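Per-entry structural report
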Amino acid sequence: MSSFADTFAAENDEKLATYRENIPNFDPTIAHLVGSIQNIRSTLQDISKANENLKEFCEATCANCLPLNLNSFLGIKTENNRNEEAPTKIIHGDEKTEVAKQNDKTNLETEKTEDNEVRFVAQVSDQEFKTIPKYQLGRLTRDNLNEIVQKMDEFLMKKNQIFGKSNKQLTRIDRELLDNWKELELKARGRLQTTLFFVEADIRPLLQERLRPTFSKAIPCLRHIRRIREERCGPLTFYYKGE
């Protein structure tokens, strides 16, 4: 940059002389550019000087150099941070073992909480699955059966949550579902033991395409292990949690 500015500033430069002869009003035109270059040169000199001062300051106070000192030197105002991060604690020996034990305990408690979570339709265990007659199972696997069970459980969980909402909390979709369920209750003619029931049309859309044809096969299997109960009322069949 300095070399470029010197080239334009030189009075005896041959190129400048040629430009002056052939370009009208050359000096007034280039005066603004030359002024800008001089300003840039001055700025670069200031930066270089500040860099040298900063280097000298850091070398002089390197042992005790803190962010506050540097900010003070640069004229930057800062506020005290009350939420400074706590120093990292290095764990050694027996402390590591104790921390590992505590983590294992926490994980075990979490697993117990998940296992004890209330479910309306529990998953089918391997022992229960083996008690189901093969003619009822056909090609239905335990994983397939539990996928269907999971959708039943999710539906009843959602239904129970909607029942627990106040009128202000109900959305338009919630109200539509409630109206539909009340109509089904009327069609059941009071023969159901609970309001937490479902019909095939509630579960089938929730299943993967490959599992939808197996819904009717899964019902006898789940009835056999008393996972669900059914109540037929006219053309409709209602299902709800078993014993």
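Refer to the structure above for everything that follows.
Presented here is an overview of the structure given in this document.

Conventions and cut-offs
- Residues numbered from 1 in each chain as written.
- Predicted model: local features only at pLDDT ≥ 70, side-chain atom pairs only at ≥ 80, totals over all residues.
- Heavy atoms only, no water.
- Helix = DSSP H or I, 4+ residues; strand = E, 2+ residues; numbered from the N terminus.
- Buried < 20%, exposed > 50% of the residue type's maximum accessible area, 1.4 Å probe, protein only.
- Contact = heavy atoms within 4.5 Å.
- Areas by Shrake-Rupley, 256 points an atom, 1.4 Å probe, with all protein chains shown as cover.
- Salt bridge = Lys/Arg side-chain N within 4 Å of Asp/Glu carboxyl O.
- Pairing = 2+ DSSP bridges.
- Axes fitted to C-alpha atoms, helices over the stretch in contact; angles between N-to-C directions.
- Expected span 1.5 Å × (residues − 1).
- Arc of directions from axis to C-beta.
- Phe/Tyr/Trp six-rings, centres within 6.5 Å; stacked < 30°, edge-to-face > 60°.

Let us look at the overall build of the protein. Tallying secondary structure elements over the protein gives 11 helices and three strands in all. Start at the N end of the protein and walk to the C end: the helices and strands fall as α-α-α-α-α-α-α-α-α-β-α-α-β-β. Within the span of the protein, comprising 243 residues, buried residues form 23% of the whole. Counting contacts in the protein only where the partners sit at least 6 residues apart, residues at least 24 apart contribute 59% of the total. Carbon and sulfur atoms form 50% of the exposed surface of the protein, whose accessible area is close to 18600 Å².

Counted according to the given criterion, the structure contains 11 salt bridges. Here E176 makes a salt bridge to R172, at a shortest N to O gap of 2.9 Å. Residue E176 and its partner R172 are located together in helix α9 (residues 172-188), separated by four residues, close to a single helical turn. The exposure class assigned to R172 is exposed, which follows from its relative accessible area of 58%. Between R223 and E230 there is a salt bridge, and its shortest N-O distance comes to 3.5 Å.

Time to look at the sheet that holds strand β2 (residues 228-233). With antiparallel pairing, the three strands of this open sheet are ordered in space as β1-β3-β2. Here the strands that pair on one side only, and so sit at the sheet edges, are β1 (197-198) and β2. Relative to strand β3 (residues 236-241), β2 runs antiparallel, the two being bridged by six bridges. By the bridge assignment, R229 is partnered in β3 with Y240. Against the sheet, α9 engages β1, β2 and β3, with an angle of about 105 degrees to β3. Sheet strands touched by helix α11 (residues 215-224): β2 and β3. Its angle to β2, the strand with the most contacts, is close to 120 degrees.

Let us look at α9. With 17 residues, α9 should reach 24 Å at 1.5 Å per residue; the first-to-last C-alpha distance of 25 Å fits that figure. Looking at α9, one finds that the buried residues are D174, L178, W181, L184 and A188. Taken down its axis, α9 places every buried residue within 125 degrees of arc, on the same side. Projecting away from the buried face of α9 at angles above 90 degrees are the exposed residues R172, K182 and L186. The elements touched by buried residues of α9 are α8 (142-163), β1, β2 and β3.

Below, the discussion takes up the environment of H224. One can find H224 in helix α11. In this structure H224 comes out as partly exposed when scored by relative accessible area, which is 38%. Remark: the alpha-carbon pair of H224 and P133, spanning 91 residues in sequence, is separated by 8.8 Å.

Tallied over the entire structure, the rule returns five aromatic pairs. Judged by centre distance (5.4 Å) and plane angle (80 degrees), the ring pair of F197 and F238 falls under edge-to-face. Of the two residues, F197 is situated in strand β1 and F238 in strand β3; the sequence distance between them amounts to 41 residues. Take F238: its relative accessible area is 0%, and that puts it in the buried class. Plain terms: the ring middles of F198 and Y239 are 5.6 Å apart, the flat faces sit at 25 degrees to each other, and that makes the pair stacked. Of the two residues, F198 is situated in strand β1 and Y239 in strand β3; the sequence distance between them amounts to 41 residues. The exposure classification of F198 matches that of Y239, with both residues buried. Three or more aromatic residues joined by ring pairs form one cluster here, namely F155, F163 and W181.

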